Amino acid sequence: MDVNAAVAAAAAIAGVLTGVIAMLAFRWSERDQKRPTRTSLHTDPVLPPGVDTVLSVLRSSAVVLDEADAVVKASSAAYALGLVRGGKLAIEPMIKMTRDTRRDGEIRQVELDLPRRGTGRGEALAVSARVAPLGSRLVLLLVEDLTEARRIEAVRRDFVANVSHELKTPVGALSLLSEAVMDASDDPEAVERFAGRMQIEATRLTNLVQELIDLSRVQNDDPLEDAEPVRVDELVAEAIDRCRHQAGTKQITMAAGGTAELHVWGNRGQLAAALGNLVENAVNYSPARTRVGIAARRVTAPGGDLIEIAVTDQGIGISEKDRERVFERFYRVDPARSRATGGTGLGLAIVKHVAASHGGEVTVWSSEGQGSTFTLRLPEAGAARDRERALLTPVLDEDDEDGQPDGTTTVSSPYEPLPAPEVLP
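As the structure is a computational prediction, the values presented were derived from the model and not from experiment.

## Some details on helix 9 (residues 268-284)
Here is step 1 of the chain: The first and last C-alpha atoms of helix 9 sit 24 Å apart over 17 residues, in line with the 24 Å expected at 1.5 Å per residue.
Here is step 2 of the chain: Among all positions in helix 9, only Gln270, Leu271, Ala272, Ala274, Leu275, Gly276, Asn277, Leu278, Val279, Ala282, Val283 and Asn284 are buried.
Here is step 3 of the chain: The backbone nitrogen of Gly269 has a side-chain oxygen 3.1 Å away, supplied by the residue at the start of helix 9, namely Asn267.

Structure below.
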């Protein structure tokens, strides 16, 4: 009897202990679930309603931080700029801003220069950082990349300065020469000499103003609005005719060659101006009694066939350090020689913009003392190519003595001169 009672008492005690342990475990689990964890602080439900949607459409890089400076939410642009690394804000000045804003609730904004990721060069990213409180616990950081805006502003500032300088030079020269003419009114030879100088400066001023107008037009207009198939051989002929007088004065031979019946798609006026600038540069920077060649060919490219127009000279060449800048506005490889030839420093900039607006590019190969080759690559006109293929169908004419299909020109190399090249002795 005593044994049964003891067993029952022990069982009762064990049951009570089990119940107490289960209750404590349940309470402990409840408290553990309610406790905020590191993971829970980084999930979207922590953000106020609608904030996540707003952040996803902002153009600026967005980062939301909690009271421990841990990143709750960050946009992909923030990671791309290198603002967030390992779940933490990586820019020390921005961390200080967020802490100050969390402490006093004030909105802060500052512009910073950040090192560019992935480059060994000393380039920097210019950014504008703005910090504001987001609720009672969170802080919102918005970062806008100003690098491109600053670059454009610098280009605009330099452009205005260069234009002012370039306009001031011929205008000042005209003013001085006019005074000289007045003082030498009784000396016909001096008047004639000064008048000739005035004509040169007036021509330089006219060319500068015209090229400024051309550059503004190619930058602002869409050339494809009035696009049409343009024959490459006609563009080459116009460029040669434009430089005929300068080449004849220096006894420079100009020869056209390459593949015949090529077409590009674009604005005829802009394309003629671009190719004309390349040929004119080649003539101006070539010594007397040398040769300038213009050749065209078709090349295969992944996005479709391209037409290459290469302009080769035997001039002074371009050094490697200058090669990267020759397409900048007002940049001159040899300023003294450029002024002597009446160059404005805008011709190659116009070529670059025309090529880009037509979906192409312009490149340069050069070696000092050996000459240069500027290559203009433009998309071929598809419809014109189809018509050309139809014309080149290999149907032999009985009267064709050479055995070649009608309408074809046999060229062993894309750059071989045409049978009747345009040559200026």
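The rest of the description comes next.
## Some thoughts on the packing of helix 9 against helix 12 (residues 347-357)
Here is step 1 of the chain: At a minimum axis separation of 9 Å, helix 9 and helix 12 run at an interaxial angle of 140°. Taken together, the axes of helix 9 and helix 12 lie oblique to each other. For the pair helix 9 and helix 12, the crossing hand works out as left-handed. Together, Gln270, Leu271, Ala274, Asn277, Leu278 and Asn281 of helix 9 and Gly347, Leu348, Ile350, Val351, Val354 and Ser357 of helix 12 make up the contact between the two elements.
Here is step 2 of the chain: Its residues assigned to classes, the contact of helix 9 with helix 12 shows 7 nonpolar, 5 polar and no charged.

## What to know about the sheet that holds strand 13 (residues 361-367)
Here is step 1 of the chain: Taken together, the 5 strands give an open sheet; going across it, the order is 9-11-12-14-13, and neighbouring strands pair in mixed fashion. Of all the strands in the sheet, just strand 9 (253-258) and strand 13 have a single pairing partner and so form its edges. On average, each strand axis in the sheet is tilted by 15° relative to the strand beside it, whichever way the strands run.
Here is step 2 of the chain: Sheet topology places strand 12 (residues 306-312) next to strand 14 (residues 371-379); 7 bridges connect them, and they run antiparallel. Note on strand 14: the bridge partner recorded for Ala310 is Thr375.

## Points about the packing of aromatic side chains
Here is step 1 of the chain: For the structure on display, the rule yields 1 aromatic pair.
Here is step 2 of the chain: Between Phe327 and Phe374, the ring centres sit 6.1 Å apart and the planes meet at 85°, which makes this aromatic pair edge-to-face. Separated by 47 residues along the polypeptide, Phe327 in the loop between helix 10 (320-323) and helix 11 (335-341) and Phe374 in strand 14 bring together distant segments of the chain.
Here is step 3 of the chain: The class of Phe327 is buried, set by a relative accessible area of 13%.
Here is step 4 of the chain: Under the relative-accessibility criterion, Phe374 is labelled buried at 8%.
Here is step 5 of the chain: Here the guanidinium or amino end of Arg193 rests over the ring plane of Phe194, the centre of that ring lying 5.1 Å away.

## Describing the sheet that holds strand 7 (residues 138-145)
Here is step 1 of the chain: Taken in spatial order, the 5 strands make up an open sheet running 2-1-7-6-5, and their pairing is antiparallel. Each end of this open sheet is capped by a strand with a single partner; those strands are strand 2 (71-74) and strand 5 (108-115). Between one strand axis and the next, the sheet turns through 25° on average, direction left out of account.
Here is step 2 of the chain: Here 8 bridges tie strand 6 (residues 124-134) to strand 7, and the two strands are oriented antiparallel to one another. Residue Leu134 lies in a different strand from strand 7, and its bridge partner there is Leu138.
Here is step 3 of the chain: On top of the sheet, helix 4 (residues 92-104) reaches strand 1 (61-65), strand 5, strand 6 and strand 7; it is set at about 165° to strand 5, its chief contact.
Here is step 4 of the chain: Strands strand 5, strand 6 and strand 7 of the sheet are contacted by helix 5 (residues 147-183), whose axis makes an angle of about 130° with strand 6.

What counts, and where the lines are drawn
- Residues numbered from 1 in each chain as written.
- Predicted model: local features only at pLDDT ≥ 70, side-chain atom pairs only at ≥ 80, totals over all residues.
- Heavy atoms only, no water.
- Helix = DSSP H or I, 4+ residues; strand = E, 2+ residues; numbered from the N terminus.
- Expected span 1.5 Å × (residues − 1).
- Buried < 20%, exposed > 50% of the residue type's maximum accessible area, 1.4 Å probe, protein only.
- Polar contact = N/O pair within 3.5 Å; in protein donor to acceptor, adjacent residues only side chain to side chain.
- Axes fitted to C-alpha atoms, helices over the stretch in contact; angles between N-to-C directions.
- Parallel < 35°, antiparallel > 145°, perpendicular 65-115°, else oblique.
- Left-handed = near helix turned anticlockwise from the far one by under 90°.
- Contact = heavy atoms within 4.5 Å.
- Nonpolar A, V, L, I, M, F, W, Y, C, P; charged D, E, K, R; others polar.
- Pairing = 2+ DSSP bridges.
- Phe/Tyr/Trp six-rings, centres within 6.5 Å; stacked < 30°, edge-to-face > 60°.
- Lys NZ or Arg CZ within 6 Å of the ring centre and 35° of its normal.

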